[in-house]
Amino acid sequence: MLRKTLQWWRGQHVNSWIIFFVLIYFVLALKVFTMEELDGNWFFGMYSVLVSLYLLSRFVLSYFYEPPTIKFDEGYEPTVSFGVPAKNEGENIRETILRIARSDYPKDKFDIIAVNDGSDDNTLQEMRAAKRIAAKEGIEVKVIDWKKNKGKRYGMAECVIQSDRDIIIFIDSDSFVEKDTTRQFVKYFIDGRIAAVAGHAYVANAEQNILTKMQAIRYYISFTVNKAAEALFGSVTCCSGCCSAYRRVYITRILDPWLHQRFLGVECTYGDDRSLTNFLLYKGYNCIFAPDAIAHTFVPDTLNKFLKQQLRWKKSWVRESLLACTFMWKRNPIMSVSFYLGVALPLLSPIVAARALLWMPLIRGRTPLFYIFGLGLMMLVSGIYYYARTGDRKWFYGVFSSTFYAILLVWQLPYAILNLRDSRWGTR
Amino acid sequence: MFIDKESIAKKLFFTGTVFLVLLVGIFIFYSNLRLVGNFKPYYAKSYFASFTYRVANPYSNLAGLFSFFRSPGEVYQKTDFKTAVSIPVLTYHGAVGSADGVNVEIDTFIDQMKALKRSGWQTITIDEYYKWYKGETSVPEKSFLLTFDDGRKDGYYPVEPILNALDYNAAVFVITKYSFLEEKSTYYLTQEELLEMQESGHWEIQSHAYEVHDDLAKISAEGDLGHALSNLLWLEDEGRLETEEEFRARIFRDFSESKRVIEEAIGREVLSFAFPFGDFGEGTVNFPKAKEIILETGRPIYPLMFHQQKSGDLYTFNYQNGPESEAGLVRRISVEANWSGEDLLKILGQGVPKNFPYSDNFSENRGWLSSGWGEYNLKENELYLGASPTGTGNVVILNGTGHWKDYDLDASVTWPRGRNIYIWGRYVNDRNYIACNFAKNLIHIEQIHDGSLNVIKGTEDKFNFPASGEEFEIGMRISGRHAECLLNGQVVVETDFLNPELDHGGIGFKSWDPQLGVSQFIIKSLDVSEVN
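Source: prediction; values computed, not measured. (Residues numbered from 1 in each chain as written. Chains lettered and ligands numbered in written order. Predicted model: local features only at pLDDT ≥ 70, side-chain atom pairs only at ≥ 80, totals over all residues. Heavy atoms only, no water.)

(A) Quick look at the overall build of chain A. For chain A, the helix and strand inventory stands at 14 helices and 10 strands. A compact globule built from 428 residues would reach a C-alpha radius of gyration of about 22 Å, and chain A, at 22 Å, matches this within 12%. Taken along its principal axes, the extent of the C-alpha atoms in chain A is 70 × 55 × 45 Å. Taking all 428 residues of chain A together, 55% fall into the buried category. For chain A, long-range pairs separated by at least 24 residues make up 82% of all intrachain contacts whose partners lie at least 6 apart in sequence. (Helix = DSSP H or I, 4+ residues; strand = E, 2+ residues; numbered from the N terminus. Rg over C-alpha atoms; globule rule 2.2 N^0.38 Å. Buried < 20%, exposed > 50% of the residue type's maximum accessible area, 1.4 Å probe, protein only. Contact = heavy atoms within 4.5 Å.)

What follows is the structure, encoded as structure tokens:
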């Protein structure tokens with residue numbers, strides 16, 4: 001029965017974009033309806049409306065973002081360094097370096113700097129093995145070996161210091177670049193205002209289990225929608241560590257304050273990528289997103305690792321968002337409004353969730369139907385968006401994933417705020 | 001900033017279009033928000049019908065769109081319309097999804113409304129009706145009132161889209177106790193919904209009683225049940241029936257309270273009352289004075305009082321100048337569940353005012369209504385009326401003639417059996433009319449005014465009526481206060497002294513014999529022309 005229905009459905013070739021817009025209609029309709037039913041509580045009403053408008057505005061803005069193609073100069077080939085800081089990555093590091101070495105870019109115009117940050121495993125040996133293989137191809141790999149662990153931020157800084165090139169591309173030790181990633185990155189730097197370009201990270205181990213499937217969709221949405229929306233205003237707030245390119249000289253100007261960043265009296269040891277982006281934005285440079293500069297990265301495949309990673313990300317999000325609040329107003333008005341909304345709404349979400357899921361059912365005896373329904377609809381929207389863009393059958397995990405992330409956000413965010421000063425590494 | 005200028009126009013256009021479509025969609029959703037939680041799948045039929053009607057009739061759509069330009073009372077400013085001399089009122093309760101034998105099905109309702117619109121019928125408001133009734137304004141012919149009783153949700157939600165599309169309006173008679181004073185009902189319209197209806201501009205909220213809408217009231221010691229409005233109630237505590245004074249006080253309270261509650265909630269004057277079950281005392285079991293008291297009490301509060309068409313009520317439309325005793329009473333046609341749109345048109349068509357000269361060969365029923373006392377048959381080009389086995393005779397009236405004044409009636413008839421045959425003229429109702437009474441040995445002009453019979457003039461003779469089965473002519477000529485009765489073209493009896501109050505009314509025939517089951521009277525053809 002279900003199979004037949006599905007077959008019929010596929011036979012109809014209903015354009016998934018139509019479903020996408022119909023879903024958006026339902027979201028808006030639901031909002032109109034909840035506004036009517038709100039018993040005049042403007043705070044929760046505003047939240048409900050704003051959160052939908054915010055999420056939907058991401059889709060609109062990202063639709064308008066299209067990296068400029070006309071002003072690219074085919075002959076523009078700046079020199080490039082790849083920075084690969086690594087700790088205990090013996091399994092992937094050799095492949096990571098060799099993939100970079102196979103880049104379609106003039107061999108004399110790029111090198112690779114690998115930092116072994118006090119690994120306990122065979123990372124160093126793997127790095128050296130990669131270096132030997134790369135050398136045969138005529139590609140220079142510098143291996144820096146620290147016996148004692150210093151932290152990723154120092155590793156990244158070391159790459160900046162060791163390099164003498166124009167552009168530095170940081171690649172995580174468990175991420176693989178594609179052949180044309182380098183070209184896709186560097187072409188943007190012809191514009192002198194641009195300090196950083198975020199690459200598009202895909203999940204390498206997407207098919208491994210449900211958790212990685214969910215993350216794959218989450219990654220896709222957060223890059224093609226959220227980052228693209230921010231990139232429209234040159235204000236990508238996080239050029240993720242797994243694959244991003246920077247103009248080296250701009251980093252050198254903020255290297256020291258970044259390296260020794262302290263927050264609430266504690267040295268910052270997490271969220272290095274977000275922090276670096278933030279410093280550049282603060283300086284007034286532009287950070288954009290390159291949808292075609294692709295890297296494949298491994299994501300946590302166990303719940304435990306995943307939760308730790310998410311907690312780290314949330315902590316850095318809170319810290320850097322609060323810092324960014326001090327200067328974002330200087331940027332494009334649409335960007336700053338949506339940025340402040342993007343900070344305020346998640347911070348308020350635990351309160352709204354507590355009201356809908358605890359207060360209303362327990363004290364007022366009302367089922368939080370609208371809340372759950374609205375949440376579900378919004379998730380379906382991103383799921384369908386993913387399907388419409390990729391045609392990937394995994395789209396349904398997107399619905400799970402958004403639900404999962406939403407639940408996570410609600411309880412992990414307050415926890416993250418309480419643990420802001422805890423600077424332990426987590427997994428890395 | 002990082003927008004590709006080549007494609008921005010295209011993208012803006014696309015986004016703009018999507019935005020507009022969504023906006024329109026949301027507006028449509030918002031304006032139909034009341035449906036959320038009340039929606040029943042069959043309502044979709046109404047919306048669909050409304051939509052297809054609008055698509056098929058774009059011009060009527062425009063008229064609806066600009067309807068806000070016209071102010072109340074300005075509707076009929078066209079100069080070339082014919083004015084209505086009589087107005088029908090249709091009664092519905094609700095439109096249901098599947099047939100229950102009582103209420104119209106939604107498809108039927110849609111069919112009926114579209115048929116009315118197609119045939120040129122247009123609704124008026126209670127307010128307009130009242131002004132027309134008082135003679136303060138005129139309305140075009142083919143005007144009618146659409147009413148819904150009880151204030152049920154299914155008398156609003158499935159109806160609204162149709163009214164909207166056809167640019168019709170309607171009145172809803174609500175039972176105030178259920179609609180305004182009880183907890184949110186899932187069956188009756190709530191105050192919120194009624195307000196919304198009022199604001200929509202095509203609903204008028206009127207009264208259908210405060211709490212006497214009750215047919216299960218205890219009206220005797222034995223526990224007999226009856227209509228609460230038209231009977232003395234049994235007072236259980238005191239072991240007696242209520243007194244006349246108590247009855248009077250009770251119905252006064254009900255009339256005035258329901259008016260007050262609606263007016264306070266809606267902020268509009270309530271002009272009319274619809275009697276629960278259409279009973280204003282004629283259905284009483286234990287209190288013959290009920291009708292008198294009900295009308296006496298109701299009139300000062302409600303200038304218009306609606307009741308359903310009764311079997312003895314021989315016109316279906318309402319006329320402006322009725323007898324004093326019926327002042328303010330408005331008869332309504334109860335639309336039956338099994339009438340198609342065509343049926344409804346036919347039934348209304350029979351009540352449509354008839355013009356001179358009027359000829360009838362009885363090939364089809366053009367509006368003859370039987371009193372129901374006796375037998376009646378209209379077929380094979382003749383109109384038959386006769387006594388039932390337990391009755392004395394029968395009366396038929398021609399619907400749509402209530403406005404006639406001066407006319408010359410000529411009928412070709414046969415008279416198989418029975419003591420008297422009558423031509424009725426100036427018929428307003430059973431209590432007000434003029435008759436030519438033909439018997440073997442006498443012909444009378446009679447007038448019935450306010451129920452009392454008075455023979456004005458008579459001739460006694462051996463009249464030469466032909467043998468049974470043979471056709472002969474009888475006639476009546478009325479002009480002003482002058483009346484004549486004719487037999488075979490000869491004036492047999494005449495008078496110049498009709499009661500001046502009996503100055504208008506329609507025609508009918510009657511057969512009679514004191515012996516039960518005897519009388520028979522057949523009309524073969526009829527001509528009525530105007531007398532100048």
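(B) Fine view of the overall build of chain B. A count of helical and extended segments in chain B gives 11 helices and 31 strands. Here the C-alpha coordinates of chain B stretch approximately 115 × 70 × 40 Å along the principal axes. Out of the 532 residues belonging to chain B, those deemed buried represent 52%. Taking the intrachain contacts of chain B between residues at least 6 apart in sequence as the baseline, contacts between residues at least 24 apart amount to 68%. Of the roughly 24,100 Å² of accessible surface on chain B, a fraction of 52% belongs to carbon and sulfur atoms. Positive and negative side-chain charges of chain B, numbering 50 and 75 respectively, have mean locations separated by a distance of 4 Å. (Areas by Shrake-Rupley, 256 points an atom, 1.4 Å probe, with all protein chains shown as cover. Lys, Arg positive; Asp, Glu negative; His and termini not counted. Charge placed at Lys NZ, Arg CZ, Asp CG, Glu CD.)

(C) Inspection of the packing of helix α6 (residues 152–162) of chain A against helix α9 (residues 248–259) of chain A at higher detail. Residue and element names in this part refer to chain A. Running from amino to carboxyl end, α6 crosses α9 at an angle of 145 degrees, the nearest separation of the two axes being 10 Å. Read as a crossing pair, α6 and α9 show a hand that is left-handed. Of the residues in α9, those in contact with Arg-153, Tyr-154, Met-156, Ala-157, Val-160 and Ile-161 of α6 are Arg-248, Ile-251, Thr-252, Leu-255, Trp-258 and Leu-259. Its residues assigned to classes, the contact of α6 with α9 comprises 9 nonpolar, 1 polar and 2 charged. (Axes fitted to C-alpha atoms, helices over the stretch in contact; angles between N-to-C directions. Left-handed = near helix turned anticlockwise from the far one by under 90°. Nonpolar A, V, L, I, M, F, W, Y, C, P; charged D, E, K, R; others polar.)

(D) The side chain of Lys-153 of chain B, seen in detail. All names here are of chain B. Along the chain, Lys-153 turns up in the loop between β6 (143–150) and α6 (160–166). Separated by 3.3 Å, the side chain of Lys-153 and the backbone oxygen of Ser-185 make a polar contact. A distance of 3.3 Å separates a polar atom in the side chain of Lys-153 from the backbone oxygen of Tyr-188. Among residues more than four places away in sequence, those in contact with Lys-153 are Asn-38, Tyr-43, Pro-158, Ser-185, Thr-186, Tyr-187, Tyr-188, Leu-189, Thr-190 and Glu-193. (Polar contact = N/O pair within 3.5 Å; in protein donor to acceptor, adjacent residues only side chain to side chain.)

(E) Up close: the sheet that holds strand β4 (residues 167–171) of chain A. Residues and elements named next belong to chain A. The mixed open sheet is built from 8 strands, whose spatial order is β3-β2-β1-β4-β7-β6-β10-β5. Edge positions in the sheet fall to β3 (140–146) and β5 (175–177), since each has one partner strand and no second. Ignoring which end each strand starts from, the neighbouring axes of this sheet average 30 degrees apart. The pairing of β5 with strand β10 (residues 286–297) spans 3 bridges and is antiparallel. Its bridge partner being in β10, Ser-175 is matched across the sheet by Thr-297. Helix-sheet contacts for helix α5 (residues 123–137) involve β1 (80–86), β2 (110–117) and β3, and the interaxial angle to β3 is about 165 degrees. (Pairing = 2+ DSSP bridges.)

(F) Representation of the side chain of Lys-227 of chain A in the model. Residue and element names in this part refer to chain A. Secondary-structure assignment places Lys-227 in helix α8 (residues 210–231). Although buried, Lys-227 forms no salt bridge, and the nearest oppositely charged side chain, Glu-230, lies 5.5 Å from it. Ignoring any residue separated from it by four or fewer positions in sequence, one finds Lys-227 in contact with Ala-198, Ser-222, Val-236, Cys-238, Ser-240 and Phe-289. (Salt bridge = Lys/Arg side-chain N within 4 Å of Asp/Glu carboxyl O.)

(G) Up close: helix α12 (residues 333–363) of chain A. All names here are of chain A. At Ser-349, α12 shows its maximal kink, close to 40 degrees; a proline, Pro-350, follows between one and four residues later. Backbone nitrogen of Ile-334 and a side-chain oxygen of the N-cap are separated by 2.7 Å at the start of α12; the cap is Asn-332. The first or second residue beyond α12 is Gly-365, which carries a positive phi of 65 degrees. (Bend = angle between axes of the 7 residues up to and from the residue.)

(H) Inspection of the domain arrangement of chain A at higher detail. All names here are of chain A. Segmenting chain A into domains produces domain 1 (14–65 + 333–418) and domain 2 (80–330). The gap between the C-alpha centroids of domain 1 and domain 2 is 30 Å. In this complex, domain 1 contributes 35 residues to the contact, which on the side of domain 2 involves 39 residues. Carbon and sulfur atoms make up 79% of the area that domain 1 and domain 2 hide from each other, which totals about 3,500 Å². Its largest share of buried area at the contact with domain 2, domain 1 owes to Tyr-65, Met-335 and Tyr-405, together 22% of the area lost on that side. (Domains from an automatic or database assignment. Buried area = accessible area lost by both parts, 1.4 Å probe.)

(I) Quick look at the state of the cysteines. Counted under the stated rule, the structure contains 1 disulfide over all chains. Across the disulfide, Cys-436 of chain B is cross-linked to Cys-485 of chain B (sulfur-sulfur distance 2.0 Å). Between Cys-436 of chain B and Cys-485 of chain B, the S-S torsion sits near -90 degrees, and that sign places the bridge as left-handed. Highlighted residues: Cys-436 of chain B in strand β24 (residues 432–439) and Cys-485 of chain B in strand β28 (residues 482–487), separated in sequence by 49 residues. Considered together, Cys-436 of chain B and Cys-485 of chain B belong to a single accessibility category, that of buried residues. Cysteine Cys-243 of chain A is unpaired, with the sulfur of Cys-242 of chain A as its nearest cysteine sulfur at 6.1 Å. On the accessibility criterion, Cys-243 of chain A (1% relative accessible area) is buried. Counting only cysteine sulfurs, Cys-238 of chain A is the nearest neighbor of Cys-325 of chain A, a cysteine outside any disulfide, at a range of 16 Å. (Disulfide = S-S within 2.5 Å.)

(J) Structural view of the UniProt feature "transmembrane region" (unreviewed entry) in chain B. In this structure's numbering, the residues bearing the UniProt feature "transmembrane region" (unreviewed entry) are residues 12–30 of chain B. Regarding residues 12–30 of chain B, the helix share stands at 100% and the strand share at 0%, and the terminal C-alpha atoms are separated by 26 Å. (UniProt positions renumbered as here; feature names shortened; annotations may be inferred.)

(K) Broad picture of the pairing of strand β30 (residues 506–512) of chain B. Residues and elements named next belong to chain B. Most of β30 is tucked away, with 6 of its 7 residues classed as buried. Inspection of the sheet shows strand β21 (residues 393–398) paired to β30 by 5 bridges, in the antiparallel sense. Within β30, the residue paired with Gly-393 across the bridge is Trp-512. Strand direction decides the pairing type here: strand β23 (residues 420–429) and β30, joined by 6 bridges, are antiparallel. The residue of β30 that forms the bridge with Ile-421 is Ser-511.

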